[in-house]
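# A structural walkthrough
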Amino acid sequence: MQRSEKYLLFFTFFLNLSYLFIVLYTEITKTHNLIQMATLTTQHMGVTLKNPLILGACNLSNNLDKLIEAEKAGVAALVYRSLFEEQIQLEDNDLSNQLEAYDERNAEMINLFPKIEHGGPKEHIHNLKQVVEALSIPVFASLNAVYKESWVEYALQLEATGVAGLELNFFSVPRDFDKSGHDVILQQIESLKAVKAAVKIPVSVKLSPFYTNVLKTIKDMDDAGADAFILFNRLFEPDIDVEAEKHVSPWNLSTHSDHRLSIRYIGLTHGNLNASVAANNGIYEGIDMVKMILAGASAVEAVSTFYHNGVGYAAEMLKELEEWMDRKEYDSIEAFRGKLSSKSINDPFVYKRAQYIDMLLKSEEHFNAVI
Ligand SMILES: Cc1cc2nc3c(=O)[nH]c(=O)nc-3n(C[C@H](O)[C@H](O)[C@H](O)COP(=O)(O)O)c2cc1C
């Protein structure tokens, strides 16, 4: 064999070896990546969820097929729609005929049950039990009562369905000119304490943002034993049809930018509470989940996005969350949760008077942008 042939042979052998090495390296890295794949597991109100995406309370609860589809698409849990005091009070009456009397009381409830035929608590509890049995993900119940006795009695009945936890929907619309805000809060804290004392399952509180200082309310409810907060509820608002000159109650879906309010208060509460916090309102995309977790949320509850995009969209949202985590090399939710909370960042203005400071410093820029 000539010298040049020897070199060629050696060179070919070397090339083959390098190729083999590259193939082996790629395979090993792939396997390693599979093992290292980000875990989306999180804790919400003390319950372990496989990922942070919860289907929030809404009328999709009425459709078991949709709930099964949502479970298949990957949602980690769901909140069954609220049982309302009106359903409880009207159990033995003809509900449809009685509703007018309640028209001013609870726009949300009227909107949800325009034609009640089977709206009583017995039916509600029966259907909820069926959902709990049909699904393997955790199902949470939700209750919106008025009287202390109803809170406790129905919390117990909802607990008996086998739900993983109970959400107290503190939907409260001021109607009384003589009742102070403080009295409303005290009554809600009393209800929370009474329910906590009665049931064994975790209890969360879903609040509206309409408190003078919602942070103090949250802190007081945290001290009273709330296991989680859902920030924030979206209240149903009546509208007016000017042609018919009458009130109408439209579906009240959120818009995408609504999630910014939650970012602020989740960012402010993170690291200051015993309870965990779930974000709600205007969470449409996987990236919105990322934002909420960066602010400090343990989970998110989404509804409107599923009305717009179908419940199968949960898979897209989760894919987007995972892709972002991979790109940023985060291997768990905890690795970035609260990274941009008020406590973690060095900028005292971001969560407080952010927009005013921004406007002061960049007033010319903003002005030029709008003209
Ligand atoms: C049709 C419909 C029904 C709802 N029913 C309930 C309910 O029974 N209990 C409750 O706490 N919230 C209820 N909500 C409010 C949602 O759970 C959620 O707080 C709100 O829609 C904001 O989240 P989103 O922006 O993801 O829609 C309902 C919302 C819709 C659109």
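Look a little higher up for the structure.
As the structure is a prediction and not an experimental result, all values here were calculated from the model. (Residues numbered from 1 in each chain as written. Predicted model: local features only at pLDDT ≥ 70, side-chain atom pairs only at ≥ 80, totals over all residues.)

## Regarding the site of the ligand
Applicable threshold: For each residue, a C-beta position is placed from the backbone atoms; the residue is near a molecule or strand when that point lies within 6 Å of it. Throughout, the ten residues Ala, Val, Leu, Ile, Met, Phe, Trp, Tyr, Cys and Pro are labelled nonpolar, Asp, Glu, Lys and Arg are labelled charged, and all others, Gly among them, are labelled polar.
Around the ligand sit 24 residues, and of these A57, S82, S254, V303 and S304 come closest. Each residue belonging to the shell around the ligand can be placed in one class, and the counts come to eight nonpolar, twelve polar and four charged.

## Describing the packing of helix α2 (residues 64-73) against helix α6 (residues 121-134)
Threshold: Axis definition: a line fit to C-alpha positions, over the contact stretch in the case of helices; interaxial angles, taken between N-to-C directions, run 0 to 180 degrees. Secondary structure is summarised from DSSP: a helix means a run of H or I of at least four residues, a strand means a run of E of at least two, and numbering begins at the N terminus for each. Throughout this description, any angle smaller than 35 degrees is read as roughly parallel, any larger than 145 degrees as roughly antiparallel, any in the 65 to 115 degree range as roughly perpendicular, and the remainder as oblique. By convention the crossing between two helices is left-handed if the near helix lies anticlockwise of the far one by an angle smaller than a right angle, and right-handed if it lies clockwise. Placing C-beta atoms from the backbone, we regard two residues as in contact once those atoms come within 7 Å.
Direction vectors running N to C along α2 and α6 enclose 30°, while the axes themselves pass 11 Å from each other. Classed by the angle they form, the pair α2 and α6 counts as roughly parallel. Classified by chirality, the crossing of α6 by α2 is right-handed. Residue-level inspection shows L64, L67 and I68 of α2 in contact with α6, the latter providing Q130, V131 and A134. A per-class count over the contact of α2 with α6 returns five nonpolar, one polar and no charged.

## Topic: the environment of H124
In this structure, H124 sits in helix α6. The spacing of H124 and L83 is 41 residues in sequence and 7.0 Å in space, taken between C-alpha atoms. If near-sequence neighbours (up to four positions away) are discounted, H124 is found in contact with L83 and Q87.

## Some words on the pairing of strand β8 (residues 228-231)
Two faces make up the sheet, and in a regular strand the side chains alternate between them. We count it as follows: As a rule, residues whose C-beta atom has 12 or fewer other C-beta atoms within 10 Å are exposed, those with 20 or more are buried, and those in between are partly exposed; C-beta atoms are placed from the backbone. For two strands to count as paired, DSSP must find a minimum of two bridges between them. Think of it like this: strands point away, you trace from the first strand over the helix to the second, and a clockwise trace means the crossover is right-handed.
Because side chains alternate across β8, one face comprises the buried residues A228 and I230, and the other comprises F229 and L231, equally buried. When strand β7 (residues 203-207) meets β8, the two strands line up parallel, connected through four bridges. In the strand pairing of β8, S204 is matched with A228. Tracing the backbone out of β7, into helix α9 (residues 214-223) and back to the parallel element β8 gives a crossover that is right-handed. Bridging between β8 and strand β11 (residues 276-280) involves four bridges; their strand directions are parallel. Residue F229 lies in a different strand from β11, and its bridge partner there is V277.

## Some remarks on the pairing of strand β6 (residues 165-169)
Burial analysis of β6 places five of its five residues in the buried class, which makes it a mostly covered element. A two-sided burial pattern is seen for β6, the buried positions comprising G165, E167 and N169 on one face and L166 and L168 on the other. Bridge count for strand β5 (residues 139-144) against β6 is four bridges, and the pairing is parallel. Its bridge partner lying in β6, A141 is registered against L166. Between the parallel elements β5 and β6, the chain passes through helix α7 (residues 148-159) in a crossover that is right-handed. As defined by bridge partners, β6 adjoins β7 across four bridges and the pair is classed as parallel. Counterpart to N169 in the pairing with β7 is K206. Note that the unit made of β6, helix α8 (residues 181-198) and β7 has a crossover that is right-handed.

## Side note on the nonpolar core
Operational definition: Nonpolar core, as used here: buried Ala, Val, Leu, Ile, Met, Phe, Trp, Tyr and Cys residues forming one set through C-beta atoms within 7 Å.
The biggest cluster of nonpolar side chains holds 75 residues, and the ones touching the most others in it are I54 and V300. With six residues, the single largest contributor to this core is strand β4 (residues 77-84). Every residue in contact with V300, bar those within four places of it in the chain, is listed here: P52, L53, I54, A278, A279, N280, I283, M289 and M292.

## Notes on unusual backbone geometry
Note the cis peptide between L231 and F232, where omega equals 5°. With respect to the helices and strands, the residue F232 is situated in the loop between β8 and β9 (239-241). Residues other than glycine seldom take positive phi values, yet M45 does so here, at roughly 45°. Among the secondary structure elements, M45 is positioned in the loop between β1 (42-44) and β2 (47-49). One non-glycine residue, N281, lies in the positive phi region at around 100°. Turning to its location among the elements, N281 is positioned in the loop between β11 and α11 (286-295).

## Some details on the sheet that holds β8
Spatial ordering of the closed barrel is given by β3-β4-β5-β6-β7-β8-β11-β12, a layout of eight strands whose pairing is parallel. Each strand axis lies, on average, 25° off the axis of its neighbour in the sheet, ignoring direction. Where β4 lies against β5, five bridges are found, and the strand directions are parallel. In the sheet register, S82 faces β5, and the bridge partner there is S142.

## Side note on the environment of A226
Within the secondary structure, A226 is located in the loop between α9 and β8. A226 gets classed as buried once you count the C-beta atoms within 10 Å, which come to 26. In this structure, A226 is in contact with L192, V203, S204, V205, M221 and A275, ignoring residues within four places of it in sequence.

By themselves, these are just geometric observations and shouldn't be taken as functional.
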